[in-house]
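# Examination of the molecular architecture
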Amino acid sequence: GCGKGFLLYEFKLLFPEIEVYGLDISKYAISNAKEEVKSSIIYGNANSLPWEDNTFDLVISINTLHCLHNYDLIKALNEIERVSKKNKYICVESYRNEEEKANLLYWQVSCEAFNTPLEWQWWFELSKYTGDYSFIYFE
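Residues numbered from 1 in each chain as written. Predicted model: local features only at pLDDT ≥ 70, side-chain atom pairs only at ≥ 80, totals over all residues. Heavy atoms only, no water.

## Structural notes on the sheet that holds strand E3 (residues 56-62)
Worth spelling out the cut-off: Pairs of strands are assigned from DSSP output, requiring at least two bridges between the strands. Under the scheme used here, helices are H or I runs from DSSP no shorter than 4 residues and strands are E runs no shorter than 2 residues, and both carry numbers assigned from the N terminus. Only the stretch in contact is used when fitting a helix axis, every axis being a line fitted to C-alpha atoms; angles between N-to-C directions are given from 0 to 180 degrees.
Spatially, E3-E4-E5 is the arrangement adopted by the 3 strands of the open sheet, whose pairing is parallel. Each edge of the open sheet is held by one strand with a lone partner, namely E3 and strand E5 (132-137). The mean inter-strand angle of the sheet, taken between neighbouring strand axes irrespective of direction, is 10°. Here strand E4 (residues 84-94) runs beside E5; their pairing, made up of 6 bridges, is parallel. In the strand pairing of E5, Ile90 is matched with Tyr133.

Written out as structure tokens, the structure reads:
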């Protein structure tokens, strides 16, 4: 879910020698992406990544898995594992109480997977996800 590629662009500014690739389900975002990285962004879905096994040294998913229905989470997590050589990082929206859950409901209009940290950890274990992860809360 790289959107218009701003994070990809920042990586390229910091490390000009690296190759970066992004994926997004929004054709609008891709067509309006940063020109410097636009050719590296592919239209697609997290459930079926268009790359070979062990392609990337680092795979990052920041605040995108919540857009999937719970029944799609294992596929997406398995895909992240599959295309990564080793290093992975996921940041997901979560909630610790009813107030944060309500804030998440109102803030993330595309949110489908509402999970507490314990529930996210359950998904990670079920899918055998081995990377790092963190949570963001809407306090």
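Still to come is the rest of the account.
## Concerning the packing of aromatic side chains
Convention followed: For this analysis, a ring pair means two rings from Phe, Tyr or Trp (six-membered ring only for Trp) whose centres lie within 6.5 Å, classed as stacked if their planes differ by under 30 degrees, edge-to-face if by over 60, and tilted for the remaining angles. The buried label applies to any residue whose accessible area, calculated with a 1.4 Å probe on protein chains only, is under 20% of its type's maximum; exposed applies above 50%, and partly exposed to all values in between. Two conditions define a charge located above a ring, namely a distance within 6 Å from the ring centre to NZ of Lys or CZ of Arg, and an angle within 35 degrees of the ring normal.
One pass over the structure, following the stated rule, counts 8 aromatic pairs. Judged by centre distance (6.1 Å) and plane angle (55°), the rings of Tyr21 and Phe56 are tilted. With Tyr21 in the loop between helix H1 (6-14) and strand E1 (22-24) and Phe56 in strand E3, this pair connects stretches of sequence that are 35 residues apart. Judged by centre distance (5.3 Å) and plane angle (45°), the rings of Phe124 and Tyr129 are tilted. Using a relative accessible area of 2% as the deciding quantity, one classes Phe124 as buried. Through a chain of ring-to-ring contacts, three or more aromatic side chains come together here, namely Trp120, Phe124, Tyr129, Tyr133, Phe135 and Tyr137. It is Lys34 that lies over the ring of Tyr9; its NZ or CZ is 4.1 Å from the centre.

## Topic: unusual backbone geometry
Of note, Asn63 is a non-glycine position whose phi angle comes to about 55°, a positive value. Within the element layout of this structure, Asn63 appears in the loop between E3 and helix H3 (70-83). We note that Lys128 has phi near 65°; this positive angle belongs to a residue other than glycine. For Lys128, the position within the fold is in the loop between helix H5 (117-127) and E5.

## Notes on the environment of Tyr71
With respect to the helices, strands and loops of the structure, Tyr71 is situated in helix H3. Linking Tyr71 and Gly3, residues 68 residues apart in sequence, is a C-alpha distance of 23 Å.

## A short note on the layout of surface pockets
Selection criterion: Points on a 1 Å grid over protein atoms alone make up a cavity when a 1.4 Å probe fits among them but cannot get out, and a pocket when they form an open set with protein on both sides within 12 Å along at least five of seven lines; lining residues each have an atom within 4 Å of a point. Grid points are joined across faces, edges and corners, and a volume is the space filled by probe spheres set on the points. All amino acids are sorted into three groups, where Ala, Val, Leu, Ile, Met, Phe, Trp, Tyr, Cys and Pro are nonpolar, Asp, Glu, Lys and Arg are charged, and the leftover types, Gly among them, are polar.
Here the largest pocket is characterised by a volume of approximately 1100 Å³. Ranked by residue count, the leading element in the lining of the largest pocket is E3, at 7 residues. Its residues placed into classes, the lining of the largest pocket shows 24 nonpolar, 8 polar and 3 charged.

## Description of the confidence of the model for the protein chain
Keep this limit in mind: pLDDT gives the predictor's per-residue confidence on a scale running from 0 to 100.
Taken as a whole, the protein chain shows an average pLDDT of 94; of its residues, 100% reach a score of 70 or greater. When mean pLDDT is compared element by element in the protein chain, strand E2 (residues 41-43) scores highest at 97, while helix H4 (residues 98-107) scores lowest at 88.

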